[in-house]
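Structural overview for review
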Amino acid sequence: MSLTLTTPYAEAPAPALAPREQETLRHIAAGRTYLQTARHMGLSRHTVDAYLRRIRTKLNITTTAELTRLAISLGL
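Residues numbered from 1 in each chain as written. Predicted model: local features only at pLDDT ≥ 70, side-chain atom pairs only at ≥ 80, totals over all residues. Heavy atoms only, no water.

**A closer look at the overall build of the protein**
Our working rule: Where helices and strands are cited, they refer to DSSP runs of H or I of at least four residues and of E of at least two residues respectively, numbered from the N terminus. The buried label applies to any residue whose accessible area, calculated with a 1.4 Å probe on protein chains only, is under 20% of its type's maximum; exposed applies above 50%, and partly exposed to all values in between. Residue contacts follow a heavy-atom distance rule, with two residues in contact if any of their heavy atoms lie within 4.5 Å.
Helices and strands together make up the secondary structure of the protein, namely 4 helices and 2 strands. Listed by position from the N terminus, the elements making up the protein come as β-β-α-α-α-α. Looking at the protein as a whole, 37% of its 76 residues qualify as buried. Contacts in the protein between residues far apart in sequence, at least 24 positions, make up 45% of those at least 6 positions apart.

Right, dumping it as structure tokens:
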């Protein structure tokens, strides 16, 4: 199931997040580091970083604080 979002930064709906992107976002919003997230998901730290870069690009978000706020508002 993919998640389609609207952000306060864009008038059009943002692209959907893939399930692994949603999971990564949920871990980061919970306060886990990239390394902790990677270990929990069975990925490399670089893959987690790539997921988060992709999320930031899709949603036009630049900071981890904005990502966290978005995740909380979505109930992730």
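**Regarding the nonpolar core**
Which entries qualify depends on this criterion: Only buried residues count toward a nonpolar core, which is a set of Ala, Val, Leu, Ile, Met, Phe, Trp, Tyr and Cys residues joined through side-chain atoms within 4.5 Å.
Among the nonpolar cores identified, the biggest contains 13 residues, and L25, L52, I55, L59 and L67 are the most heavily contacted of them. Those elements that place two or more of their residues in this core are helix 1 (19-29), helix 2 (34-41), helix 3 (45-59) and helix 4 (64-74). Broken down by element, this core gets its largest block of residues, 4 residues, from helix 3.

**Digging into unusual backbone geometry**
For N60, which is not glycine, the phi torsion reads 55° and is therefore positive. With respect to the helices and strands, N60 occurs in the loop between helix 3 and helix 4.

**Let's talk about the pattern of salt bridges**
Put simply, the rule is: Any carboxyl oxygen of Asp or Glu that lies within 4 Å of a side-chain nitrogen of Lys or Arg is treated as forming a salt bridge with it.
Counting across every chain of the model gives 4 salt bridges. R54 is paired through a salt bridge with E21; the nearest N and O atoms lie 3.5 Å apart. Placement of R54 in helix 3 and of E21 in helix 1 is noted, with a sequence separation of 33 residues between them. The network of salt bridges with common partners includes E21, R54 and K58.

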